Amino acid sequence: MSAVRTSGQEILLKGIAAAPGIAMGPAYLYSKLMPRVKMRSIKPSDLKSELQRLRNATARSVKELQKILSFAEQKLGSQDAKIFEAQIMILNDSILMGTIEDRIKDELKNAEYIVSDEISKYKRLMFAAQDEYMHERAHDVDDVMNRIIRNIQDQRLFSRLEGESVIVSEKLAPADTVIFSRNQVLGYVTDLGGVTSHAAILSRSLKIPAVVGLRTATKHIRSGDFLAIDGYAGFVAINPTEETREGLKRKAKRFKDFEKHLVGIVHLPAETIDHRHIALSSNIEFPEEVEFAFAQGSEGIGLYRTESQLIGMAKYPTEDEQYEVYKRVADGFFPHSVIFRTFDVGGDKLAPDAYQEENPFLGCRGIRMLLDHPEIFQEHLRAILRASAKKNVCIMFPMISNLYEVHRAKSYLDKAQEDLSSRGVPFDKRIKIGVMIEVPSAAMMAQEIASEVDFLSIGTNDLIQYMLAVDRDNSYVAPLFQQFNPAVVRTIKMVVDAGHKRNVWVGICGEMAGDPLATMLLVGLGLDELSVIPSILPEIKDIIRSIKYKDAKRIADRALAMSSDTEIKEYLSSVVKSKLPEIPLDT
Amino acid sequence: MVERVIVIKNRTGLHTRPAATLVKTAAAFKSDFYILKDTFEINGKSIIGVMTLAADQGSTLRLKFIGPDEEQAAQAVTELFERGFDEQL
């Protein structure tokens, strides 16, 4: 690091506001890079927990590798998947693991040091051989070693997180966010990532402030540095001055006061002054969120992300395991409806260590993966159907890019219904079917698709990414990810009109639905449903209840005639400021 | 202690699959099992050890068995080598 830092001096870093809130506390630097191993002596009294850490780490490594192995077998064929099998065998090598445990006991050194020292012996011998095959094996051995060490260190990290801290990292995978949420995390700060990365969505749902896309956070911040993060405006202060801290405390209070006002409207309908009702529902991904979504005044679940169940799993959950989860969610929200989106796997949405594609966002994700794996798809559909017995469940297919995929998905659904009928299992025979409109080709064909289904739901995150050719997680092009790009606004209008022409309702479940700046526009464009993260729901309802549909339509018409993202955004923010001055639009 | 000297017959040598078969076979016996190649000795019940041997077709290995069932262990393991691990010879 070249930057010289005087300790105690305030440094401000500007990033992207990913999850609202103010947090202050010590930093914890979380590195996913090559683990570094230092030799440390351990006390005899710590020996037992040290050995336990080693065993947990080994067991976790085996699990991770089994998951990789099964994906590799599907994607590469069993021959190439063999390397992972060999790695699992090394982890199960009782002579090796026994030697490592004995050495920890005898030498009283930390587990990762002994693991590294012992396994490196073999690695050196393999590298010394004059043989390409042996060199490759040496890389396998190296992988296994790093995996165990990383898993040992992760456990140390989690146990050290007993105190509250702000997690600082290059990048957070959705699985990391979930793991961290079980500890006392005050906030997240990352170098990479955009506002719609899944880690950001999750932290919003978990109500943990986050600032992402800071680029150099991990270079400037050291573990233990005191941080203040502003998840409304998207900045991080290292060693904040008294003035900065006080300012942030005042800001936090202002937002808290507004939240108090919102409590009063939670169970009132989401209806404009001139009585247009908007179905205001929630996007969730864990059964644990049902209660919160309901408490926030949600009318239903507009998007249940079923793939969350795959996080950290070595293999796909069984039909019964899936059914358990779906039933909990469906019953928890009864009599309101729950839309289960079938597994949207691929893109950035897989637990870590999944198979690698050159270009996963244009690869085998969403419905494509499911149509490729009929057995997985059938079990999944049966599980959702079984949860529909009380008739409050809808099913939605992600990543549809042509009509043929809709036909195929529906025929699989028919088959799943036949299977259940023949087994005598109850389900809703007239279950409502919907399609996510998130690929431009599907938007163009929205009318034809609408003829095949009961509803359309616009997934703006992916729609924008595919329309504007911008990777939503790439902080270098993040400014080009424009939700108010006129092409996006006009496409939403086109899809709404197409759906209404075919008498199906049209909703929106992307992040845009939860942006207070967009609410008037979306209502004016004629959307029937907005599905948002539960934490923002009361604020969106407050806006809907404060406007007239008549005015919203006029506002949408003006926006539709504009020609740039900036123009639309400035127009909408001037409208919000004049019509709804109490909404704290803070960017 | 029982000692045997064998020559690797199968074409691919002691690569991953035969190595796994060897370790599994040896693990069924109580006796300790060591493999010596040149001046190098490894524990024959450890997959990472066997993988490190880099024993190609034609290599000579010295097998050492020490324990209560050393005779049976020696016989089972030697047979495995004789059969070329049921792979292409």
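A look at the overall build of chain A
Logical step 1: If you tally the helices and strands in chain A, you get 22 helices and 16 strands.
Logical step 2: Of all 587 residues assigned to chain A, the portion counted as buried reaches 47%.
Logical step 3: Across chain A, every contact between residues at least 6 apart in sequence was considered, and the portion connecting residues at least 24 apart equals 70%.

So, the overall build of chain B
Logical step 1: Check the secondary structure of chain B and you find three helices and four strands.
Logical step 2: Sequence-ordered secondary structure for chain B, helices as α and strands as β, is β-α-β-β-α-β-α.
Logical step 3: Every one of the 89 residues in chain B was classed for burial, and the buried ones make up 37%.

Thoughts on the interface of chain B and chain A
Logical step 1: Taken together, the contact between chain B and chain A spans eleven residues of the former and 15 residues of the latter.
Logical step 2: Breaking the side of chain B that touches chain A down by element, the ones donating at least two residues are α1 (16-27) and α2 (47-52) of chain B.
Logical step 3: Looking at the side of chain B that touches chain A, the element that brings in the most residues is α2 of chain B, giving five residues.
Logical step 4: Considering only residue class, the side of chain B that touches chain A consists of five nonpolar, five polar and one charged.

Focus: the sheet that holds strand β11 (residues 338-341) of chain A
Residue and element names in this part refer to chain A.
Logical step 1: Pairing within the closed barrel is parallel, and its eight strands lie in the order β9-β10-β11-β12-β13-β14-β15-β16. For this sheet, the mean inter-axis angle between neighbouring strands, taken without regard to orientation, is 25°.
Logical step 2: Pairing between strand β13 (residues 432-437) and strand β14 (residues 455-458): four bridges, direction parallel. Directly across from I437, in β14, lies its bridge partner I458.
Logical step 3: Contacting β10 (301-305), β11 and β12 (393-397), helix α11 (residues 319-333) runs over the sheet at an angle of about 160° to β11.
Logical step 4: Along the sheet, helix α18 (residues 486-501) makes contact with β13, β14 and β15 (505-508), crossing β15 at roughly 150°.

Examining the pairing of β12 of chain A
Successive side chains on a regular strand alternate, one facing one side of the sheet and the next facing the other.
Residues and elements named next belong to chain A.
Logical step 1: The buried fraction of β12 amounts to five of the five residues, a majority that puts the element mostly inside the structure.
Logical step 2: Across four bridges, the pairing between β11 and β12 is parallel. Each residue of the ladder has a partner; that of V338, found in β12, is V393.
Logical step 3: As paired strands, β12 and β13 are joined by four bridges and run parallel to one another. Bridge assignment links F397 to a residue of β13, and that residue is V435.
Logical step 4: Read from β12 through helix α14 (residues 403-423) to β13, the crossover connection turns out right-handed.

With respect to α11 of chain A
Residue and element names in this part refer to chain A.
Logical step 1: Given a rise of 1.5 Å per residue, 15 residues ought to cover 21 Å, and the 21 Å separating the end C-alpha atoms of α11 matches this to within 8%.
Logical step 2: Residues Q322, Y323, Y326, V329, A330 and F333 constitute the buried set of α11. All buried residues of α11 lie within an arc of 135° about the axis, which places them on one face of the element.

Things to note about the environment of G507 of chain A
Residues and elements named next belong to chain A.
Logical step 1: Residue placement: G507 occurs in strand β15.
Logical step 2: When the C-alpha positions of G507 and M436 are compared, they lie 9.4 Å apart, and in sequence the two are 71 residues distant.
Logical step 3: For G507, the residues in contact, after removing those within four places along its chain, are G302, F455, S457, L527, D528, E529, L530 and S531.

Topic: the packing of α1 of chain B against helix α3 (residues 70-82) of chain B
All names here are of chain B.
Logical step 1: Contact geometry of α1 with α3 gives a least axis separation of 9 Å together with a crossing angle of 165°. One element, α1, and the other, α3, form an angle in the roughly antiparallel class. Seen along the crossing, α1 lies across α3 with a hand that is right-handed. Contacts between α1 and α3 pair T21, L22, T25 and A26 from the former with A73, A76, V77 and L80 from the latter.

Here we look at the sheet that holds strand β4 (residues 165-169) of chain A
Residue and element names in this part refer to chain A.
Logical step 1: Taken in spatial order, the eight strands of this open sheet run β1-β8-β7-β3-β4-β5-β6-β2, and their pairing is mixed. The open sheet terminates on both sides in strands that have one partner only, identified here as β1 (11-14) and β2 (16-19). Sheet twist, expressed as the average angle between the axes of neighbouring strands with direction ignored, equals 30°.
Logical step 2: Both β4 and strand β5 (residues 185-190) contribute to a ladder of five bridges, which runs parallel. Residue pairing for β5: V166 is matched across the bridge by G187.

Looking at unusual backbone geometry
Residues and elements named next belong to chain A.
Logical step 1: The amide bond that connects F334 to the next residue, P335, takes the cis arrangement and shows omega of 5°.
Logical step 2: Relative to the helices and strands, P335 is located in the loop between α11 and β11.
Logical step 3: In this model, R215 sits at a positive phi of 65°, which is unusual for a non-glycine residue.
Logical step 4: Along the chain, R215 falls in the loop between β6 (210-212) and α8 (217-220).

Here we look at the packing of α11 of chain A against helix α13 (residues 374-386) of chain A
All names here are of chain A.
Logical step 1: Put simply, α11 and α13 touch, their axes get as near as 8 Å, and they point 35° apart. By crossing handedness, the relation of α11 to α13 is classed as right-handed. The residues of α13 that touch α11, namely those facing E319, Q322, Y323 and Y326, are E379, H380, R382, A383, I384 and R386.
Logical step 2: Here the residues of the contact of α11 with α13 sort into four nonpolar, two polar and four charged.

Notes on the confidence of the model for chain B
Logical step 1: Counting all residues, the mean pLDDT for chain B is 87, and 98% of those residues have values of 70 or more.
Logical step 2: Across the assembled chains, the prediction reports ipTM 0.88 with pTM 0.60.

Quick look at the environment of N92 of chain A
Logical step 1: Topologically, N92 of chain A is positioned in the loop between α2 (78-91) and α3 (94-107).
Logical step 2: Between the alpha carbons of N92 of chain A and V62 of chain A there is a distance of 8.2 Å; along the sequence they are 30 residues apart.

A few points about the environment of V189 of chain A
Residues and elements named next belong to chain A.
Logical step 1: You can see V189 is positioned in strand β5.
Logical step 2: Residues V189 and A18 lie 171 residues apart in sequence; the distance between their C-alpha atoms is 9.5 Å.
Logical step 3: The residues touching V189, leaving out its near neighbours within four places in the chain, are V166, V168, V211, L214, A217, I229 and V236.

Rules behind the numbers
Residues numbered from 1 in each chain as written. Chains lettered and ligands numbered in written order. Predicted model: local features only at pLDDT ≥ 70, side-chain atom pairs only at ≥ 80, totals over all residues. Helix = DSSP H or I, 4+ residues; strand = E, 2+ residues; numbered from the N terminus. Buried ≥ 20, exposed ≤ 12 C-beta atoms within 10 Å, placed from the backbone. Contact = placed C-beta atoms within 7 Å. Nonpolar A, V, L, I, M, F, W, Y, C, P; charged D, E, K, R; others polar. Pairing = 2+ DSSP bridges. Axes fitted to C-alpha atoms, helices over the stretch in contact; angles between N-to-C directions. Right-handed = clockwise from strand over helix to strand, strands pointing away. Expected span 1.5 Å × (residues − 1). Arc of directions from axis to C-beta. Parallel < 35°, antiparallel > 145°, perpendicular 65-115°, else oblique. Left-handed = near helix turned anticlockwise from the far one by under 90°. pLDDT = per-residue confidence, 0-100.

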